[in-house]
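Each chain is listed here by its residues.
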Amino acid sequence: MAKKEIEGDWVLGWPDRKRPVHKQSKDAEGRVIGARTPILDQEGLITPTDASYIVAQLRMPEPVHPDDYTVAVSGLVERPADFTLDDLRKLPGHSVRAVIECAGNDGDFFNYLDEGSNAKKPSMVLDEGDTVHWRQSSPDVDPDAVDDFLEGLPTTCFLSSGEWTGVPLAEVLNRCGLKSDAVAVRVEGWDEGRPDPVVQYLSARRTDFEVVDPGIINFDKGLPLEKALHPDTILAWSHNGEYLRHVHGAPLRLVVPGWAGNWWIKWIHKIEVMDHMPDCYHQTHYFIFAKSPDDPDKKMMTAMGVKTLIVEPRDEDSPLSIGSHAVRGLAWSGEGAVTDVEVSTDGGATWAEAHVEKTGDKWLWARWSYVWEVGEPGTYAIMARATDETGRRQPQTEWNFQRKHFDGIVPVDVTVE
Ligand SMILES: Nc1nc2c(c(=O)[nH]1)N[C@H]1C(S)=C(S)[C@@H](COP(=O)(O)O)O[C@H]1N2
Ligand SMILES: [Mo]
């Protein structure tokens, strides 16, 4: 087993271990427009901000100074109002620790696990050369460029965890006097752009369908009222113990624990209470469950499934020696705390209980570990599967043509000598 690279920077004048840092993609001006998380390098529960992934579907907007910032609450409320950041900070606060996972994270594993496919195994390791190859939406859509991107854009490492502090959305809505015919809460960012069909072609890995062109839009989502009023759905200005950074939606973003990243609206400038579900592009045309682009039975994507990530050992650690090895990882669910993790070292034939570290944070991942005693040389597939407090066991999500919400069981393949 190769010795891990642990040497890092000098911190406060003393040598220090290597710290996990995300892999960034930048625009022509050198500003960050996307990033992936070196998730296998995470220790503990919270992803450091410098290692957290970054996604913007349209274009990164210009920043707004927090002193000039207001968010407008309108629609089906008795008292429409504009809130400054100071107004919000006077309300009863709430902090949430949660996993944020992009709906498309690990989408390539659908292809990899597809029986009979000879797709290359997607890598969880960010290599020196990796960039995000992120596209910013542009009015000059060039579907011919798709092939260049199909190979280039990895789907792994679009997940992080964090601690967010803010105020429950429900608190703000109730102060404005929520009307009884409210059904949905539309939250809008001030970022705008024209959705690039290439994003959908990349997601589906096919180009033989029409993508709806809504023109130039703001990024928005219409939360069903029940999730909007959940006490853990918060308007957050702080992330991991400091003010939110611009790339993560400063000054104010929505935190929707359990639901995929696309619900966590960044750069919020408008909150509108409605008596129907709005027709948001990233809700009715993208981020939908369907078997094909013309499937009449399209469903909105909301909560994530149940999922486990093995962080040790890695494929790259092969060959392992005969003896005792730690198998460990992270497990999370979109609908509550993970209660059980089982490990198999014989490719799924038999399963054993792993130790699950309990934290009391139901939206956060749980760390788990298992000691594997291996006495025979050979080739081994190490697998893990999680069960949550509602009894849902991994995998929950079926293949869908946009390849979203992957929560399948991915083996770590190692040899023992
Ligand atoms: N306003 C706005 N909010 C947004 C997006 C966006 O494009 N615009 N992208 C969403 C998507 S798809 C994801 S996965 C998360 C990513 O959040 P992060 O960049 O803080 O990790 O933000 C979500 N919120
Ligand atoms: Mo996303």
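Since the model is a prediction, treat every value here as computed from it, not as a measurement.

*Asks:* Could you clarify how one ought to interpret the overall build of the chain in this entry?
*Replies:* Helix and strand counts for the chain stand at seven helices and 24 strands. Computed over C-alpha atoms, the radius of gyration of the chain comes to 22 Å, within 12% of the 22 Å expected from 2.2 N^0.38 for 417 residues, which places it in the range of a compact globule. The buried share of the chain, taken over its 417 residues, is 54%. Across the chain, contacts joining residues at least 24 apart in sequence account for 75% of those joining residues at least 6 apart. Computed over 43 positive and 69 negative side-chain charges, the inter-centroid distance for the chain is 2 Å.

*Asks:* Got a minute to help me understand the sheet that holds strand β24 (residues 412-416) in this structure?
*Replies:* Across a sheet, paired strands are connected by hydrogen bonds in the backbone, their directions being either parallel or antiparallel. Strand order in the open sheet made by the four strands is β20-β19-β23-β24, with antiparallel pairing throughout. Looking at which strands have only one partner, the edges of the open sheet turn out to be β20 (352-353) and β24. Bridge count for strand β19 (residues 338-344) against β20 is two bridges, and the pairing is antiparallel. Pairing of V343 across the sheet is with A352, part of β20.

*Asks:* When you look at the site of ligand 1 in this model, what are you seeing that I'm missing?
*Replies:* Of all residues adjacent to ligand 1, which total 20 residues, the nearest are Q57, D191, H248, R253 and K266. D191 places a polar side-chain atom, nitrogen or oxygen, 2.6 Å from a nitrogen atom of ligand 1. At a separation of 3.0 Å, a nitrogen atom of ligand 1 approaches a polar backbone atom of W264. In isolation ligand 1 exposes 540 Å². Once the protein is present, 99% of that is buried. Here the residues of the shell around ligand 1 are counted per class, giving 12 nonpolar, five polar and three charged.

Conventions adopted
- Per chain, residue numbering runs from 1 following the sequence as it is written.
- For this description, chains carry letters from A and ligands carry numbers from 1, given in the order in which they are written.
- The predicted origin of the model limits local features to residues at a pLDDT of at least 70 and limits the giving and counting of side-chain atom pairs to 80 or more, whereas totals for whole chains, interfaces and linings rest on all residues.
- Hydrogens are left out, water is left out, and the side-chain values use all remaining heavy atoms of the structure.
- In DSSP terms, a helix is any run of H or I states spanning at least four residues, a strand is any run of E spanning at least two, and both are numbered starting from the N terminus.
- Here the globule rule reads 2.2 Å times residues to the power 0.38, and the radius of gyration is calculated from C-alpha atoms.
- Relative accessibility thresholds used throughout: buried, under 20% of the residue-type maximum; exposed, over 50%; partly exposed, between the two (1.4 Å probe, protein chains only).
- The contact definition used throughout considers only heavy atoms, calling two residues in contact when any of these lie within 4.5 Å.
- The charge count treats Lys and Arg as positive and Asp and Glu as negative. His and the chain ends do not count.
- Where a charge lies is defined by one atom per residue type: Lys uses NZ, Arg uses CZ, Asp uses CG and Glu uses CD.
- Should DSSP find at least two bridges between two strands, the strands are regarded as paired.
- Any residue with a non-hydrogen atom lying within 4 Å of a molecule or strand is treated as near it.
- Identification of polar contacts relies on pairs of N or O atoms within 3.5 Å, with a donor-acceptor requirement for protein atoms, meaning one able to donate a hydrogen and the other able to accept it, and with residues adjacent in sequence counted only if both atoms are side-chain atoms.
- The accessible surface values rely on the Shrake-Rupley method and a 1.4 Å probe; as for residues, cover is taken only from the protein chains in view.
- Residues are grouped as follows: Ala, Val, Leu, Ile, Met, Phe, Trp, Tyr, Cys and Pro are nonpolar; Asp, Glu, Lys and Arg are charged; all remaining types, including Gly, are polar.

Coordinates in, geometry out; function isn't part of it.
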